[in-house]
Amino acid sequence: MANNSTRTAQERIASVLLKAFVGMTCFFLIFPILAIIPISFSSGSFLSYPMPGFSLQWYEAVLQPFPWLETLWNSLFIAICATVLATTLGTLAAYGLTVSRFPGRGLVIAIIISPLIVPIIVVALGVYFFFARVGLLGTFTGLIMAHTALGAPFVVITVLATLQGFDMQLVRASSSLGAKPMATFRQVTFPLIAPGIATGALFAFITSFDEVVVALFVASPAQFTLPRQMFAGLRDQLDPSIVAMSTLLILFTSLILIVMELLRRRTQRIMGGR
Amino acid sequence: MSITAEFESDSGRAPEVSLKSKLRRAERQRQLKGLGLVAPLLTFLLVIFVLPIVAILFFAVSSPEVGEALPRTAEAIKSWDGKDLPDEATYRALAEDLAEGYEAKTVAGAGTRLNYQASGFRSLIMRTARKADEMQAPFKAAMIDRDERWGEIQYWRELQRAARPLTPLYVLQVLDLKQDETGAIVSVPENRAIYLDYLTRSLWISASVTVLCLLIGYPIAYFAAHTTSNWGYLVLGAVLLPFWISVLVRTAAWMVVLQREGMLNDLLIGIGLIGEPLQLLFNRFAVYIAMIHVLLPFLVMPLYNNMRTIPQLHLKAAGSLGATPFWAFWTVYFPQSLPGLSAGALLVFILALGYYITPALVGGPGDQMLSFLVTQFALEIGNWGMAAAAAGLLLVATLVSYAVFRLCLGARGFM
């Protein structure tokens, strides 16, 4: 009995220590992100507390057409195009990988996920050489294509995972009831795997929207993306307009996360909590 | 369109064929359909992704500059035995090539390329090329008269080596090796051995970040996976939120926190721990902090998913059999969490190895990794051979690490 009670005391101490450690780590993860938000409303031009006063001047600076808004539109345009391409190609590929086990399937999967393993700088350099040859350097097309290659693996992985939970009997049932293959896909398959596709698309979007290194190599000033602009700014001098833009991006990301969570709940409902 | 294939095969149009062959045909059609659906992405990736990377490996050993700018010389010197100075015909070829190349403004590229091989070669080429069109036979004497280095055999040996279409120069250089005059591979002098450090530093930083992430991430994942309260979701949210926020935003945040007038210095001074603000930015400390912040979620997520499948009952069972809590954890729980641990460690290590943005922004000159070397050679210096060699080295290091993790630790990898 005595032995048992010391053991629980030990366990209690371990549990307290664990909680303290977890709390500290969460603080480490969240604190810097939250700490910069108030500073973006500073009326001074230094990034330190205490702030001299409240002002929206840095948001005004960030909402100027040049350079911030222009690079934001570039980023959105490139990310949306890359997402559409990556999602289309990735979903088709994931469907193909699910319905049949053709020879060389393992190699195909290895090639498709390799953009996740190969260091981004190697991709950037290779794409630079290639685009220089075919005249895609400093074009939107080039940047969109490179970002599509980086985002597509995420789509394939998420859609593959969703298709694993998808009952292929439903396709047979639908066609046995007389539905044409396209109608089956549109009315049965697609609605059921749509949340997975959407998750993959969001991954692809974020991948492109947050990408710096390829943009560093292949974008000319006309295609500078928001991360490219922020990177240059951070390298040059840390000024409050970057912090204001960061705050806007944090809000934007939080919004996307909420959408994702809603999608996840919808999937769970449709798939019956599988 | 290819979706129709499966259903056509089901409807069975030819009743006379045996079931076996019908099945075989259906299977073949299914495979074709699968391939057809995968083909667009596969083709796209082969062209945009695989081909350029193969090209990098080629550029790391290719040496077209001298052969293109000085074609006759390259041809004439190919069969030279390297014992005595080349013959008059070779000197003549070089004089003509230089005269033409100077006119066409192509010699500068060859000069730069030769300079990688032996410093001073670029100025020698340019100096000779300026007067090459005035040279008369005998060209050997004329060239040596213009610059006596043309009478030194080592310059001709370097020229011969650089004129070959393939060169080991960049690969050797990135490994702090070189070919001496006889062509043997030797180490470069210690004060010029600067590139291999980038590889060892990349490996060291990646290993340190991986170990630190393991130490920090394991308790986090354990708590999130096994707590009965709703705190688990909150902790998971705290890990995932940074994951989704732009790397640049997070790096900017750390720069604000760690700068000289930043919050951490203010706090440390406020509680009287230090009198003067510390230099917390642009050093290894800042690199570790910012990289752990970015990479921790990649460790926690696979580990969390793994730990959720481990029944806590096992610990209780071990305890009832007399194991101390620590012994029960170590012998019963920990081995079961290894698959998630190794998958997470693989992700963190591989991602850390190719890191560029964070060290470039918050690190000092002594904290840069291989990626920095690639951008430096490509974007600042314009030495594409070295950029390709450094990128090739990084690629090989990544693939070897990936293989080691998968084979030795049985890590599951990305799928």
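Residues numbered from 1 in each chain as written. Chains lettered and ligands numbered in written order. Predicted model: local features only at pLDDT ≥ 70, side-chain atom pairs only at ≥ 80, totals over all residues.

Novice: What am I meant to see in the overall build of chain A here?
Specialist: Summing up its helical and strand segments, chain A has eleven helices and zero strands in all. In terms of its C-alpha atoms, chain A occupies a principal-axis envelope of roughly 80 × 70 × 35 Å. Counting all 274 residues of chain A, 45% fall into the buried class. Pairs at least 24 residues apart make up 77% of the contacts formed inside chain A by residues separated by at least 6 positions. (Helix = DSSP H or I, 4+ residues; strand = E, 2+ residues; numbered from the N terminus. Buried ≥ 20, exposed ≤ 12 C-beta atoms within 10 Å, placed from the backbone. Contact = placed C-beta atoms within 7 Å.)

Novice: Explain the domain arrangement of chain B to me, please; I cannot follow it from the model alone.
Specialist: Under the domain assignment used here, chain B contains domain 1 (4–53), domain 2 (65–165) and domain 3 (196–408). Centre-to-centre separation of domain 1 of chain B and domain 3 of chain B, based on C-alpha positions: 43 Å. (Domains from an automatic or database assignment.)

Novice: Can you walk me through the confidence of the model for chain B in this structure?
Specialist: Atomic detail in the predicted coordinates should be set aside for any region of low pLDDT. Residue and element names in this part refer to chain B. On average, residues of chain B score 89 in pLDDT, and 95% of them reach the 70 mark or higher. The low-confidence segment residues 1–12 (pLDDT under 50) makes 19 contacts with residues lying over four places distant or belonging to another chain. Scored as a complex, the prediction yields pTM 0.89 and ipTM 0.89. (pLDDT = per-residue confidence, 0-100.)

Novice: Help me understand the confidence of the model for chain A in this model?
Specialist: Summing up the model confidence of chain A, the mean pLDDT is 88 and the portion of residues at 70 or higher is 96%. Segment residues 1–5 of chain A: pLDDT under 50, and zero contacts once partners within four positions in sequence are set aside and those in other chains are kept.

Novice: Help me understand the environment of Ile 144 of chain B, please; the structure alone is not making it clear to me.
Specialist: Residues and elements named next belong to chain B. For Ile 144, the location among the structural elements is in helix H8 (residues 139–146). Separated by 174 residues in the primary sequence, Ile 144 and Ala 318 place their C-alpha atoms 87 Å from one another. Excluding anything up to four places from it in sequence, Ile 144 contacts Trp 150 and Gly 151.

Novice: Would you take a moment to explain the interface of chain A and chain B for this structure?
Specialist: Think of interface size as the accessible area that goes away when the parts come together; that is how it is often given. Tallying the contact residues gives 76 residues for chain A and 74 residues for chain B. Listing elements by their share of the side of chain A that touches chain B, those giving two or more residues are helix H1 (2–39), helix H3 (65–99), helix H4 (105–117), helix H5 (120–134), helix H6 (140–164), helix H8 (181–209), helix H10 (226–236) and helix H11 (240–270) of chain A. Ranked by residue count, the leading element in the side of chain A that touches chain B is H1 of chain A, at 16 residues. Considered class by class, the residues forming the side of chain A that touches chain B number 62 nonpolar, ten polar and four charged. (Nonpolar A, V, L, I, M, F, W, Y, C, P; charged D, E, K, R; others polar.)

Novice: Just checking my understanding: could you explain the environment of Leu 98 of chain B for this structure?
Specialist: Residue and element names in this part refer to chain B. As for its placement among the helices and strands, Leu 98 is situated in helix H5 (residues 88–104). Taking the C-alpha atoms as reference points, Leu 98 and Thr 73, separated by 25 residues in sequence, lie 9.3 Å from one another. When neighbours within four sequence positions are excluded, Leu 98 is seen to be in contact with Val 107, Thr 128, Ala 129 and Ala 132.

Novice: Help me out: how do you make sense of unusual backbone geometry in this one?
Specialist: Note: most peptide bonds trans; most residues except glycine with negative phi. The omega torsion of the bond from Phe 66 of chain A to Pro 67 of chain A falls at -5°, within 30 degrees of zero and hence cis. Here the amide bond leading from Ala 137 of chain B into Pro 138 of chain B is cis, since omega sits at -5°, within 30 degrees of zero. One non-glycine residue, Asp 176 of chain B, lies in the positive phi region at around 60°. Despite not being glycine, Phe 282 of chain B shows a phi value in the positive range, around 60°. If you trace the backbone, Phe 282 of chain B turns up in the loop between helix H14 (263–270) and helix H15 (284–307).

Novice: Where do I start with the nonpolar core in this structure?
Specialist: The nonpolar side chains of a soluble globular protein tend to be buried with one another. Residues Ala 124 and Leu 125 of chain A together with Leu 295, Val 348, Val 374, Ala 390 and Ala 391 of chain B are the most contacted members of the largest nonpolar core, which totals 176 residues. Counting residues per element, this core draws most heavily on H15 of chain B, which supplies 16 residues. Counting only domains with at least three residues in this core, you end up with domain 1 (4–53) and domain 3 (196–408) of chain B. Setting aside its immediate chain neighbours within four residues, Leu 125 of chain A contacts Phe 217 of chain A together with Ile 56, Val 374, Ala 378, Ala 387, Ala 388 and Ala 391 of chain B. The next biggest cluster of nonpolar side chains, apart from the first, holds 27 residues, and it includes Ala 74, Ala 93, Ala 132 and Ala 162 of chain B. (Core = buried A, V, L, I, M, F, W, Y, C linked by C-beta atoms within 7 Å.)

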